[in-house]
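Next come the chains, spelled out residue by residue.
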Amino acid sequence: MVADTLTALSQRDEAFWIGLGLLVAGALVSSFTQSSNPPVGEVLGILGATALAVRLLVGLYEIFRTSAEAGRTGYREGRDN
């Protein structure tokens, strides 16, 4: 149940835009501040990069999963004929 929810959420376009926004915001904050404790720009950048990486990995997983499923279905249909 939780995995289905996470997959559905990460497949949304909003996950990409939020990740990209966090990454850009982290770069902007880092360029305008000299040093802060904790480094807010770096934290935002890491969160953005993580969101984008998760979005990419889930997308690749879905592509490979549907390709494998289509391959198995095609093999069964070809074998039955």
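Since the structure is predicted, the reported quantities are computational estimates derived from the model, not experimental observations.

1. Section: the packing of aromatic side chains
Across all of its chains, the model carries one aromatic pair by this definition. Ring geometry for phenylalanine 16 against tryptophan 17: centres 5.0 Å apart, planes inclined by 75°, an arrangement best described as edge-to-face. Of the residues examined, tryptophan 17 reaches a relative accessible area of 55% and is grouped as exposed.

2. Notes on the environment of threonine 66
Mapped onto the secondary structure, threonine 66 falls in helix H3 (residues 40–80). A polar contact is formed between the side chain of threonine 66 and the backbone oxygen of glutamate 62, at a distance of 2.9 Å.

3. Brief notes about the pattern of salt bridges
Applying the stated rule across the entire model yields two salt bridges. The shortest N-O distance in the salt bridge between arginine 65 and glutamate 62 comes to 2.8 Å. One end of the pair is arginine 65 and the other is glutamate 62, both in helix H3 and three residues apart, which spans about a single turn. We classify arginine 65 as partly exposed; its relative accessible area is 36%. The partner of glutamate 69 in a salt bridge is arginine 65, with the nearest N and O atoms 3.7 Å apart.

4. Here we look at a nonpolar patch on the surface
Residues Leu56, Leu57, Leu60, Ile63 and Phe64 make up a contiguous nonpolar surface patch of roughly 530 Å² in combined accessible area. As for its position among the elements, leucine 60 is in helix H3.

5. Structural notes on the packing of helix H2 (residues 13–32) against H3
Closest axis-to-axis distance for the H2/H3 pair is 7 Å, and the angle between their directions is 155°. Classified by the angle their axes make, H2 and H3 are roughly antiparallel. Crossing of H2 against H3: the hand is left-handed. Between H2, through Asp13, Ala15, Phe16, Gly19, Leu20, Leu22, Leu23, Ala25, Gly26, Val29 and Ser30, and H3, the contact on the second element is made entirely by Val40, Gly41, Glu42, Leu44, Gly45, Leu47, Gly48, Ala49, Ala51, Leu52 and Arg55. Tallied by class, residues from the contact of H2 with H3 come to 13 nonpolar, six polar and three charged.

Rules used in this analysis
- Residues numbered from 1 in each chain as written.
- Predicted model: local features only at pLDDT ≥ 70, side-chain atom pairs only at ≥ 80, totals over all residues.
- Heavy atoms only, no water.
- Phe/Tyr/Trp six-rings, centres within 6.5 Å; stacked < 30°, edge-to-face > 60°.
- Buried < 20%, exposed > 50% of the residue type's maximum accessible area, 1.4 Å probe, protein only.
- Helix = DSSP H or I, 4+ residues; strand = E, 2+ residues; numbered from the N terminus.
- Polar contact = N/O pair within 3.5 Å; in protein donor to acceptor, adjacent residues only side chain to side chain.
- Salt bridge = Lys/Arg side-chain N within 4 Å of Asp/Glu carboxyl O.
- Patch = residues over 30% accessible without salt bridge, like charges linked within 9 Å, V, L, I, M, F, W, Y side chains within 5 Å.
- Areas by Shrake-Rupley, 256 points an atom, 1.4 Å probe, with all protein chains shown as cover.
- Axes fitted to C-alpha atoms, helices over the stretch in contact; angles between N-to-C directions.
- Parallel < 35°, antiparallel > 145°, perpendicular 65-115°, else oblique.
- Left-handed = near helix turned anticlockwise from the far one by under 90°.
- Contact = heavy atoms within 4.5 Å.
- Nonpolar A, V, L, I, M, F, W, Y, C, P; charged D, E, K, R; others polar.

Everything listed here is a matter of coordinates, which is why it stays silent on function.
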